[in-house]
Amino acid sequence: PRVVRSVARSLRWVVRDDAAHVLRAHGSANNWAMGFGSVAPDSLDAIADSLRRMVERMDWWSGTVITHSLAGGTGSGMGSRLLLDIRDAYPRQWLVSPAVVPFP
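Computed from a prediction, not measured in an experiment: that's the story for all the values here. (Residues numbered from 1 in each chain as written. Predicted model: local features only at pLDDT ≥ 70, side-chain atom pairs only at ≥ 80, totals over all residues. Heavy atoms only, no water.)

Asker: Please provide a residue-by-residue account of the overall build of the protein chain, values included.
Answerer: Summing up its helical and strand segments, the protein chain has three helices and four strands in all. Counting only contacts in the protein chain whose residues sit at least 6 apart along the sequence, the fraction spanning at least 24 positions is 65%. Element-wise, carbon and sulfur atoms account for 60% of the exposed surface of the protein chain, whose accessible area totals about 7,200 Å². (Helix = DSSP H or I, 4+ residues; strand = E, 2+ residues; numbered from the N terminus. Contact = heavy atoms within 4.5 Å. Areas by Shrake-Rupley, 256 points an atom, 1.4 Å probe, with all protein chains shown as cover.)

Asker: Can you lay out the confidence of the model for the protein chain for me, pointing to particular residues and giving the numbers?
Answerer: Regions with low pLDDT should not have their predicted coordinates read in detail. The predicted model of the protein chain averages 78 in pLDDT, with 72% of residues at 70 or higher. Ranking the helices and strands of the protein chain by mean pLDDT puts strand E3 (residues 94-96) first, with 91, and helix H1 (residues 2-10) last, with 69. (pLDDT = per-residue confidence, 0-100.)

Asker: A description of helix H3 (residues 74-89) should follow, citing residues and the corresponding values.
Answerer: Spacing of three or four residues puts side chains on the same side of an α-helix, whose turn is 3.6 residues. Counted at 1.5 Å a residue, the expected span for H3 with its 16 residues is 22 Å, and the 21 Å between its end C-alpha atoms agrees. Residues Gly75, Ser76, Gly77, Met78, Gly79, Leu82, Leu83 and Ile86 constitute the buried set of H3. (Expected span 1.5 Å × (residues − 1). Buried < 20%, exposed > 50% of the residue type's maximum accessible area, 1.4 Å probe, protein only.)

Asker: Break down the nonpolar core for me, with residues and values.
Answerer: In summary, soluble globular proteins display a tendency toward joint burial of nonpolar side chains. With 11 residues, the main nonpolar core is built from Leu44, Ile47, Leu51, Val55, Trp61, Ile66, Met78, Leu82, Leu83, Ile86 and Tyr90. Of all the secondary structure elements, the ones that give two or more residues to this core are helix H2 (32-57) and H3. Discounting residues that sit within four places of it in the chain, Trp61 has contacts with Val55, Tyr90 and Gln93. (Core = buried A, V, L, I, M, F, W, Y, C linked by side-chain atoms within 4.5 Å.)

Asker: Please provide a residue-by-residue account of the side chain of His68, values included.
Answerer: Mapped onto the elements of the fold, His68 is located in strand E2 (residues 68-69). Looking at His68, its side chain comes within polar contact range of the side chain of Ser97, at 3.1 Å. If we ignore the near neighbours within four places in the chain, the residues touching His68 are Gly75, Ser76, Gly79, Leu83, Ser97, Pro98, Ala99 and Val100. (Polar contact = N/O pair within 3.5 Å; in protein donor to acceptor, adjacent residues only side chain to side chain.)

Asker: Lay out the packing of aromatic side chains in plain terms, naming residues and giving numbers.
Answerer: Using the criterion set out here, one finds one aromatic pair in the structure. Here the aromatic rings of Trp61 and Tyr90 are separated by 4.9 Å at their centres, their planes lie at 80 degrees, and the arrangement is edge-to-face. Within this pair, whereas Trp61 is found in the loop between H2 and strand E1 (63-65), its partner Tyr90 is found in the loop between H3 and E3, the two being separated by 29 residues in sequence. Of the two residues, Trp61 and Tyr90, both sit in the buried class. In this structure, Arg81 is placed above the aromatic ring of Phe36, and the distance from its NZ or CZ to the ring centre is 5.6 Å. (Phe/Tyr/Trp six-rings, centres within 6.5 Å; stacked < 30°, edge-to-face > 60°. Lys NZ or Arg CZ within 6 Å of the ring centre and 35° of its normal.)

Listed below in structure tokens is the structure:
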């Protein structure tokens, strides 16, 4: 969370709403299934609520971009689950998902 907070502080000019940053202290221990199934439900409600609030404030919203990692459990497992939930909630909106591949 410390690294994420420092990046969020540096991007205040992009996202001015602190509620848009959903941080949790636990991870998925490099396990895709844990990120998708057990860690994700705890955080997905907060993320969905944050996204809903942002969408409600917009005059026009055509979609979103979610960048996630292909490695680890939080980036890949929870990222996959988040993409599924956003697609279910907003089926007609664009959903762009660039994946970050870790280097060796």
